[in-house]
Amino acid sequence: QVQLVESGGGLVQAGGSLRLSCAASGFTFSRYAMAWFRQAPGKEREFVASSSWRGRYYADSVKGRFTISRDNAKTTMYLQMNSLKPEDTAVYYCAADRMGNAGTSISRYDYWGQGTQVTVSS
């Protein structure tokens, strides 16, 4: 069955870096659009970044600081997060879109991981 497993979250000071990973299995990874979303306490889940045949896209709030990448041979997606801010604190989720088109809407995505906590202290 489809599995998405995030890892790499943790506690970091403002200005620091983290790299998240999303290990995928149970589907043809290279054909799927992949994305990262995040959800802070008391807030709705929001788009962070996506990777598909259309290219890579980022939310304005992370542009220039975060980089999404994927290794199709390893069926793994990454999110390199630099210059972290306290407002980046959230649970980060990876998501897969079987239509391959990506986008910023949660409803586009068919599969989700369980999330990994990122906490940025000031």
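Here is a short report on the structure shown in this document. (Residues numbered from 1 in each chain as written. Predicted model: local features only at pLDDT ≥ 70, side-chain atom pairs only at ≥ 80, totals over all residues. Heavy atoms only, no water.)

## Quick look at the overall build of the protein chain
Broken down by element type, the protein chain carries 0 helices and 11 strands. Along the protein chain, helices and strands appear, N-terminal first, in the series β-β-β-β-β-β-β-β-β-β-β. By the compact-globule yardstick of 14 Å for 122 residues, the protein chain fits well, its C-alpha radius of gyration being 13 Å. If one aligns the C-alpha atoms of the protein chain with their principal axes, the spans along those axes are about 40 × 25 × 25 Å. A burial count over the protein chain gives 43% of its 122 residues as buried. For the protein chain, contacts bridging at least 24 residues in sequence account for 60% of all contacts bridging at least 6. The protein chain carries 14 positive and 9 negative side-chain charges, and their two centres are separated by 5 Å. (Helix = DSSP H or I, 4+ residues; strand = E, 2+ residues; numbered from the N terminus. Rg over C-alpha atoms; globule rule 2.2 N^0.38 Å. Buried < 20%, exposed > 50% of the residue type's maximum accessible area, 1.4 Å probe, protein only. Contact = heavy atoms within 4.5 Å. Lys, Arg positive; Asp, Glu negative; His and termini not counted. Charge placed at Lys NZ, Arg CZ, Asp CG, Glu CD.)

## A word on the pairing of strand β5 (residues 46-52)
Taken across its 7 residues, β5 has 6 buried, putting it largely inside the fold. One ladder, built from 5 bridges, connects strand β4 (residues 33-39) with β5; its direction is antiparallel. If you follow Arg38 over to β5, its bridge partner there is Glu46. Bridge analysis of β5 against strand β6 (residues 55-58) gives 4 bridges, and the strand direction is antiparallel. (Pairing = 2+ DSSP bridges.)

## Examining the state of the cysteines
The tally for this structure, following the rule as stated, stands at 1 disulfide. Across a sulfur-sulfur distance of 2.1 Å, Cys22 and Cys94 are joined as a disulfide pair. What sets the handedness of the Cys22 and Cys94 disulfide is the S-S torsion sign, and at about 55 degrees it is right-handed. Here Cys22 is found in strand β3 (residues 18-25), whereas its partner Cys94 is found in strand β9 (residues 90-97), with 72 residues between them in sequence. Here Cys22 matches Cys94 in class, with each residue buried. (Disulfide = S-S within 2.5 Å.)

## Here we look at the environment of Tyr78
Counting through the fold element by element, Tyr78 comes out in strand β8 (residues 76-81). Expressed as a C-alpha distance, the spacing of Tyr78 and Ile68, which sit 10 residues apart in the sequence, is 5.7 Å. Discounting residues that sit within four places of it in the chain, Tyr78 has contacts with Arg19, Leu20, Ser21, Trp36, Thr67, Ile68, Ser69 and Asp71.

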